[in-house]
Structures are given as structure tokens and as C-alpha cells.
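Listed below are the residues making up each chain.
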Amino acid sequence: MEPPSPSKSTLALTAALKAMTPQELESLLEKSQSSLRFLRRSLARENLPEFMLEILEPPIQPYPHILEWIRLSETEENLLVEAARDHFKSSMLSYAYPLFLVQGVKYARDAFPVALFSYAASQAEENLRRIRQQIEGNPYLSWRVPRNNSFVWDVGNLEASNGCTIKAYGFGSSFRGRHPKYIIIDDPCKDEGTGSMSWEQQVKFFESVIVPAAKAGSQIVITGNPVALVDFLSYV
């Protein structure tokens, strides 16, 4: 059986390519590669592993354990991730994950609040600083910077152009009356214990303030590494 004859459009394209000079072909290749990068990054907005590789600067490699965390974050309403240092827990769950969630919201009617907790407000603000710097300095995310003065954009509170908010809190901070869709608790236990709060006080704050704030459809993510035989993480 003979192969089908090329279509007229295929023949015309082939002839046009043959008629091009080497410089024209090189220019066409550069434009095609640029279009391909744009398409790849556009698709990466909807896929967290690709978002970390294609959008974030510098990128975060989706190692197998990170892919497992991503899978769990997509299926679990409550998630606890314990791992040793240098496993990218904070980079993944307190930085890339909330940023990915917020940048993917197209319309203000779908906007939601995110709360970032840590043992101290300053640590949570550091995670928020990374998010703010990424949005401000990344051309693929800078459109989320608000364009008018009615939005809050400071060290402890980001209100994106799509209406989503990300706020930083320390354990024990005033939080009653708030109902974030995503509550992310990063490193609640300090190396020498639990900071200014005992682990019992942390548990009380978690049970009486944070958990009630998580309404139906909310997600609580806790990540860190144990620092004592008995601490907040051993409780949860």
C-alpha cells in the first residue's frame, strides 16, 4: 500500500522553507522556540510540578518525595509532613504551594484567603517575603501585583490583583474571626523548644483558634521536623 500523497498545504510549507535563507530559518527557529516556551509556561500555571520548574525563578526540582507531597496536598484535607532539614519542606509547602494556588485564580469571585503560620510571626513573614519577591520580580507572575492603592501589599499581608490574600501569623497571634481556605503551618517547633509558647500552649491555640477557623472545604497543612520527644508535632 502506497503512503498517502502530501497535502497541498504540506507541499506549500515545504517549498516556503526551502526558499528561506539560513538567516531566515534561524530567525524562524528562534520565534518557534519562544512560542513553545510561552505555551509551556502557560500550561505550567495549571500544574504544580511544572509551575515549580517553568515559572519559579530559580526553579524547584520536583524530586520524588516532593511529588508525593503534591499528590497528598491534592487529595487530603488535613496534611502533616515531617522530614529532615534540606528536603525543601518550606520551599514546597509554604512558598511554592500557596503561590501556585493564588496565581491560578482568574476571577475575583473565586478569590480566597491563605494564612501562613510559624512559631513566630517573623518566620511566617520571611516565607511571605519570598512569595512577594517572586511575584514582583517574575514577569510571569508580576501581573498579580495590585495596581491601585486600595490593596494591601506589605511585610505581613499580600492582597493580589485577583483578590486573593496571603497573611503571615505567629502562634498566639490574633486570628479569631478569620476563615482562610488554606492554613499552612511551617516549622511550629523552634530548635530549643517552641519559642515563646510551650507546646501545651501551642496545642491549645491550635485547637481553640486555628481548627475552628477551618470551615468546610478548608485545608490545614503542617510541616516541620520534631525537635523534642514531646512537642507540638508529636501531638498532631
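Residues numbered from 1 in each chain as written. Predicted model: local features only at pLDDT ≥ 70, side-chain atom pairs only at ≥ 80, totals over all residues. Heavy atoms only, no water.

## Details of the sheet that holds strand S3 (residues 153–154)
Across the sheet, which stays open at both edges, the seven strands sit in the order S1-S7-S6-S2-S5-S4-S3 with mixed pairing between neighbours. On the outer flanks of this sheet lie strand S1 (78–82) and S3, each paired with one strand and no other. Across two bridges, the pairing between S3 and strand S4 (residues 157–159) is antiparallel. Counterpart to Trp153 in the pairing with S4 is Leu158. (Pairing = 2+ DSSP bridges. Helix = DSSP H or I, 4+ residues; strand = E, 2+ residues; numbered from the N terminus.)

## Some thoughts on empty space enclosed by the protein
Overall, the coordinates contain one cavity of 30 Å³ or more when judged by the stated rule. Counted as a void, the largest cavity has a volume near 30 Å³. Partitioning the lining of the largest cavity into residue classes produces six nonpolar, no polar and no charged. (1 Å grid on protein atoms, 1.4 Å probe; cavity = no way out; pocket = protein on both sides within 12 Å on 5 of 7 lines; lining within 4 Å. Points joined across faces, edges and corners; volume = space filled by probe spheres on them. Nonpolar A, V, L, I, M, F, W, Y, C, P; charged D, E, K, R; others polar.)

## What to know about the packing of helix H4 (residues 64–75) against helix H5 (residues 89–103)
Packing of H4 against H5 leaves a shortest axis separation of 11 Å and a crossing angle of 40 degrees. It follows that H4 is oblique to H5 by the angle criterion. Relative to H5, H4 is oriented so that their crossing is right-handed. Contacts from Ile66, Trp69, Ile70 and Ser73 of H4 reach H5 at Lys89, Met92 and Tyr97. Of the residues belonging to the contact of H4 with H5, the class tally is five nonpolar, one polar and one charged. (Axes fitted to C-alpha atoms, helices over the stretch in contact; angles between N-to-C directions. Parallel < 35°, antiparallel > 145°, perpendicular 65-115°, else oblique. Left-handed = near helix turned anticlockwise from the far one by under 90°. Contact = heavy atoms within 4.5 Å.)

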